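Structure at a glance
If you want the building blocks of each chain, they are given just below.
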Amino acid sequence: MTLPVFNVAGKPENHDCHIKEYLTGKADYTGDHMPGRKLFGAMKHATIAHGTIKSIDATKALNETGVKAVITYKEAPTVLNQTILYWGQPVVGIVADDWYTACRAINLVDVTYDELPSITEADEALKPGAVLSGKREGTNLAPASFTRGDVDAGRQQADIELETIQPWTTTYQHSPIESYQALAWWIGDHLYVYQGSQNLHGNKSAVVNYLEMPANKVHCFARYLGGGHGARLSNWESGIAAFMSKAVYGLPVLFRETKKHNMLFHIRQYEVKSTYKWGAKNDGSLVYLDAQNWVNGSGAGMSTVMRTTWIIPHVKWEGAGIYINVPDRGSWRCVADPPFALNMTMAMDKLAEKLNISPYEIRRKNMMPVDMPDQDSPYRYWGSKEVNECFETVARESGYTSKWHAPGQNNKRTDGRLHGIGIHCHTDSHGSVAGTSMAGIVLMQPDGTALIEAGCTKPHNSPTMLVHFTAETLGMKYEDVFVGDWGNSDTTLNSGSHGGSAFTGAGGSAFVSAARDCRAKVFAAAITKTPLKEIAGITVDDLDAKDSEIFYKPDPTKRITFRTAMNGTPPIAGYGTGWAAAGGGTGGGGLQRPLFGLPVGTAVNAQSAAASVAEVAVDTDTGEVEILGHWNATGCGRVIFYEGVMSQFGSGTELQIAQALYYGDVYDYATGAVIGSQFTETQLPTTMDIRPSRHNLYPIEGDDHSAPLGAHGIGEPVVGSYACILSAIYNAIGVWVDPDHGACNPDKVLKALGKAT
Amino acid sequence: MNKFTHVNATTIADAAATLAKGKAQVIAGGTDLTSYLKGMISPNPPETVVNIKTISGLDYIQPDSSVLKIGALTTLAKIAANSTIQSNYAVLAQAALAVGSPELRNMGTIGGNICQKPRCIYYRNEFNDFNCLRKMGTQCFALTGVNRYHSIFGGVNACFAVCPSDTAIALVALNAKIITNKNSAGWDAAEFFGMPNATDARREQINNLAADEIVTEIQVPAPAAGTKSAYRKFSFRKAIDFPLVSAAVVATISGGNVSSASIVLGGVYNSPRVATQAQTSIAGKAINDANATAAGEAAITGSSGIGQNDYKRQIAKVLVTRALTDCA
């Protein structure tokens, strides 16, 4: 594929190196503000899994030197609740002169409860007569279903059938460096809130609702962020800090979670258990899939992994979200794909084995071609679909087909360990997904440089990505476009929910739109200046720009700089705004350029895709797994901000190796408590475990016709590596390891081998 | 963080006098005690923290022909890097190198490593949400809860926490003496470790030190001719972690056979677990695959899983086998 040539976007050298701000301590995090002037807030959490608060006695705490106030569900009814639905639920906030005093006061508050029966294990919820968690009216389950074709008819067509049970995947959170926190203060009846939110303007909306205030009196700021992972879409901390500040007459209060409390109840990835009944033709073609999926802690989403990667004529997809007395799960570094990807990979590998073909062959046989529309209504095409190229890339680069062997056979290495290799691919559920419309502002300066005003925070230099979009669209040099204000809800428009899912597609589209608006105005000013004004009949359509110069297209020697164009021009001439509708694309979404004979404006899918191969060595005496090599290719559409892409790759790699081999939540099922709160307990892998040099990462470029510069979000690029690592372990030892709600640690490998019980 | 008064001691006697007043604990490298205080783990935290790093003369490594002397404030990094220890007491150098991470080894001391608190996931739960036996509670939560990291050789005082110290295992295997201000002849390392009675105020300790007793020196007897030693550690991660299982082997080989062997397991019991049956198994035999494997099997005699920790038995077998093989 020949891709249009960019002048600015996608060039790795165009990078502001904001890492300096992190390394030199200049990056300002929430906790850095109001030094010496703020009080501190901590939270007491429930020590029952289900019940009602009967009484709260804070006398001892309030008598402690330095403690200023407590807040309960009575003072803060929109953020604290009298009903307890899980161990660790926040119950009482404490404000004190310093954070340690606030923390010490936690155990000085006496809370009594009317305790109710609780249910803390998901499998129990599936049994008749199960205890009700109280999270949903009259049930613990939230069923969902989806049908394509006729599964019964599919059964008649199948030559081979297989039923597989995929056990519970892992649930985890990896405790970001910056714990959840928010700083709030009041001036009169105006509220000011700092929170490292991934969604600045969404955070403002939430605060408005928590405090039931008019929006013009709420001012939110989101500067730097120490770990997003999708979980920093949470706004609850801002509400707590606001109520805490209110309790101390508007003084600034920094509410901050301890490491333990950070792990105790905040959003984490949910776990999935599945049963797949498959049917296939002898040639490997899939005929039907009859699946049941149980999702612990969230809704039973219709997995994109299943729907948009494989050709399956007949599908019945049933399941339910399970709501029990444990912390809720949700959007934590990719909502659904890792667990569903794992279960699909395991099931598909098993079917391939029964068909006596390799995992590569069954995927190659059944993968949707790039020019095939969705198999479900409304049967949309993709703006670009890179899953096929991703798959072939990792297979080729890893040498998969020559290294693969029958599971557990002829694979003993010279060091005595067993060799295994696994492969996975899927179309991601991320890309240009955007729940709400996004907008941007571009401001041309009198000296001919440009500013962008970005309504987002600044992890991974996200505004830098917006500069790429803006500079490319304006026709300016990268170094002539700057980030102006950002992270300020008063001075910016909503630039989008920050993350790999939507930000590139939607936020980027908004700034392309804004830059086009700005450029048209500057061009209008330019044709009033020498030498362009001497050209008879010239219009803005005759102009183009490159390297910060505006030129007459029929005669490029006639040109002026942006600075000249702006000289003496009213400021409004350099003010551009733009927006991107929900769903991506500029000003209304859909195709920006014709594709497959479809006209501009046609609604299409905009999604990422990924493929992975992992090669492992397994010590069958200890159950230890070493990753010998890892190859991941991810579809990006056009790569706009190269460093940002590679950053997302790197962190995704670490995440998936961790999810596969190292960490998981540690629950005490008797209480429903998350008891693993320290890195030694949650098993966050170290650099010695990750071994970055063994990972080979390939951004696969496409040209997404639904996006103005061809870029879509890359989402969580390496989620499939979780699946292929487990597949590789199977290929090594010839038996599947049961993740049993966690990572495949050596003890679980030993269990699979029959060497431990 | 718990509130406490910080006192810089200038002499051991000075420090011991402060400890004797009660509700006081020693701090050296601080790698363990700081997180203990910060997490508000205990309902009985120290009100005074006595810094002994201000006492001079406790940071040394003195090898001679009969005994190796190590000052209590010697860092684990120095021990791991010492060429004499690496060559003559390899098991100790390897154990010291296995602790935590470079940062922790640069700060952590040998004295602190053998005086750290248990690492049980319930005991360590911050804000003391699980008031276990170690903290005046009435139950060991691990017995019916998460016991993946716990003892496979039963409980002590009904507590199933394990000894988390890497160097403790090596010191027991080396038959070291732990010298204190109250015991100049020194504790036998094997007697030093263990959980004081459940009603004892010292029940949070992993050793039997008196409340006002301070480790001042470690003495390790020089090995007999033909002695080799090795330390093997198993954890889920390659750094930071405490041992889930570890094995220390000190074997003297004469005429191609093992004339004496000291084999000690870590991470599997309340204190370092001397594998007497493994020692017997390998005694008088050559170290080869069959004999080492048999010793590994013998090492777990009397062990049993209590739910989630059966895997430790397999790992213990393998580590003993491999550590013995390292000594061949």
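Please read all numbers here as calculations on a predicted model, not as lab measurements.

Definitions and cut-offs
Residues numbered from 1 in each chain as written. Chains lettered and ligands numbered in written order. Predicted model: local features only at pLDDT ≥ 70, side-chain atom pairs only at ≥ 80, totals over all residues. Heavy atoms only, no water. Buried < 20%, exposed > 50% of the residue type's maximum accessible area, 1.4 Å probe, protein only. Helix = DSSP H or I, 4+ residues; strand = E, 2+ residues; numbered from the N terminus. Pairing = 2+ DSSP bridges. Phe/Tyr/Trp six-rings, centres within 6.5 Å; stacked < 30°, edge-to-face > 60°. Lys NZ or Arg CZ within 6 Å of the ring centre and 35° of its normal. Axes fitted to C-alpha atoms, helices over the stretch in contact; angles between N-to-C directions. Contact = heavy atoms within 4.5 Å. Parallel < 35°, antiparallel > 145°, perpendicular 65-115°, else oblique. Left-handed = near helix turned anticlockwise from the far one by under 90°. Nonpolar A, V, L, I, M, F, W, Y, C, P; charged D, E, K, R; others polar. Buried area = accessible area lost by both parts, 1.4 Å probe. Salt bridge = Lys/Arg side-chain N within 4 Å of Asp/Glu carboxyl O. Polar contact = N/O pair within 3.5 Å; in protein donor to acceptor, adjacent residues only side chain to side chain.

Let us now look at the pairing of strand β20 (residues 543–546) of chain A. Residue and element names in this part refer to chain A. Only one face of β20 is covered, namely the one carrying L543 and A545; the face carrying D544 and K546 has none of its residues buried. Taken together, the four bridges between β20 and strand β21 (residues 549–552) define a ladder with antiparallel strand orientation. Across the sheet, the residue bridging to K546 is E549, located in β21. In this antiparallel pair of consecutive strands, β20 and β21, the connection spans two residues, and D547 shows a positive phi of 50°.

The subject of this paragraph is the packing of aromatic side chains. Taken as a whole, this structure holds 24 aromatic pairs over all chains when the rule is applied. Where B:F234 meets B:F236, the ring centres are 6.1 Å apart and the plane angle is 85°; that geometry is what we call edge-to-face. For B:F236, a relative accessible area of 7% corresponds to the buried category. Members of the aromatic cluster, joined through ring pairs, are A:W87, B:Y122, B:F130 and B:F141. Here the basic side chain of A:R232 rests over the ring of A:Y180, its NZ or CZ set 4.5 Å away from the ring centre.

Next up on the list: the sheet that holds strand β11 (residues 218–221) of chain A. Residue and element names in this part refer to chain A. The seven strands lie next to each other as β3-β5-β1-β12-β9-β10-β11, forming an open sheet whose pairing is mixed. The open sheet has two free edges, formed respectively by β3 (67–71) and β11, since each of these has just one partner strand. For this sheet, the mean angle separating the axes of adjacent strands, direction not counted, is 20°. With four bridges connecting them, β3 and strand β5 (residues 90–96) associate as antiparallel partners. Looking at β5, one finds that I71 is bridged to G93. The strands that helix α6 (residues 200–211) touches are β9 (181–187), β10 (190–195) and β11; relative to β11, the one it contacts most, it runs at about 145°. Across the sheet, helix α7 (residues 236–247) is in contact with β1 (39–45), β3, β5, β9, β10 and β12 (253–256); its angle to β9 comes to roughly 40°.

With that settled, consider the packing of α6(A) against α7(A). Each pair of packed helices can be summarised by the angle the axes make with each other and by the distance between the axes. Residues and elements named next belong to chain A. Put simply, α6 and α7 touch, their axes get as near as 9 Å, and they point 45° apart. Between α6 and α7, the crossing angle belongs to the class labelled oblique. As for how α6 packs across α7, the hand of that crossing is right-handed. In contact with N203, V207, Y210 and L211 of α6, α7 contributes W236, S238, G239, A242 and F243.

This paragraph deals with the side chain of A:T620. Mapping A:T620 onto the fold places it in the loop between β24 (607–618) and β25 (625–637). Discounting residues that sit within four places of it in the chain, A:T620 has contacts with A:L418, A:I733, A:L750, A:L753 and A:K755.

A word on the environment of A:F265. Residue and element names in this part refer to chain A. Relative to the elements of secondary structure, F265 occurs in helix α8 (residues 259–265). Residue classification places F265 among the buried residues on the basis of a relative accessible area of 9%. Each C-alpha atom, one on F265 and one on K546, is 51 Å from the other, the two residues being 281 residues apart in sequence. Setting aside its immediate chain neighbours within four residues, F265 contacts H45, Y86, G88, P90, W236, E257 and P327.

The next point concerns the sheet that holds strand β2 (residues 24–27) of chain B. The strands making up a sheet associate through backbone hydrogen bonding, with each pair oriented either parallel or antiparallel. Residues and elements named next belong to chain B. On the basis of which strands lie adjacent, the open sheet formed by three strands has the order β1-β3-β2 and parallel pairing. Every other strand in the sheet has two partners, leaving β1 (5–8) and β2 as the edge strands with one partner each. Neighbouring strand axes in the sheet, compared pairwise and without regard to direction, differ in orientation by 25° on average. Where β1 lies against strand β3 (residues 48–51), four bridges are found, and the strand directions are parallel. Within β3, the residue paired with N8 across the bridge is N51.

Residues and elements named next belong to chain A. Relative to strand β4 (residues 83–84), strand β2 (residues 51–57) runs antiparallel, the two sharing two bridges. Each bridged residue has a counterpart across the sheet, and for T52 the counterpart in β4 is T83. Of the strand pairs in this sheet, β2 and strand β6 (residues 110–115) are connected by six bridges, and their pairing is antiparallel. The residue bridging I53 from the neighbouring strand is Y113, located in β6.

This part takes up the packing of helix α11 (residues 289–299) of chain B against helix α12 (residues 311–326) of chain B. Residues and elements named next belong to chain B. For the pair α11 and α12, interaxial distance at closest approach is 7 Å and the crossing angle is 140°. In terms of axis orientation, α11 runs oblique to α12. Considering how the two elements wind past one another, α11 and α12 form a crossing that is right-handed. Between α11 and α12, the residues in contact are A292, T293, A295, G296, E297 and A299 and K317, V320, T321, L324 and T325, respectively. Per-class residue counts for the contact of α11 with α12 are five nonpolar, four polar and two charged.

Taken together, the contacts link 42 residues of chain A with 34 residues of chain B. Taken together, both faces of the contact between chain A and chain B bury some 3500 Å²; the carbon and sulfur share is 55%. Counting the surface chain A buries against chain B, the share from its top three residues, A:R104, A:K260 and A:I675, is 16%. The interface formed by chain A and chain B contains four salt bridges. Two residues, B:R148 and A:D747, come together in a salt bridge whose shortest N-O distance is 2.7 Å. Scanning the region where chain A abuts chain B turns up 13 residue pairs in polar contact (both at pLDDT 80 or more). Looking at which element gives the most residues to the side of chain A that touches chain B, the answer is helix α21 (residues 746–752) of chain A, with four residues. Class assignment of the residues belonging to the side of chain A that touches chain B gives a composition of 16 nonpolar, 13 polar and 13 charged.

A few words now on the pattern of salt bridges. Residues and elements named next belong to chain A. Evaluated as defined, the whole model comprises 47 salt bridges over all chains. Two residues, K273 and D123, come together in a salt bridge whose shortest N-O distance is 2.7 Å. Of this pair, K273 sits in strand β13 (residues 271–280) while D123 sits in helix α4 (residues 122–125), and the two are 150 residues apart along the sequence. The partner of E397 in a salt bridge is R396, with the nearest N and O atoms 3.4 Å apart. Using a relative accessible area of 38% as the deciding quantity, one classes E397 as partly exposed.

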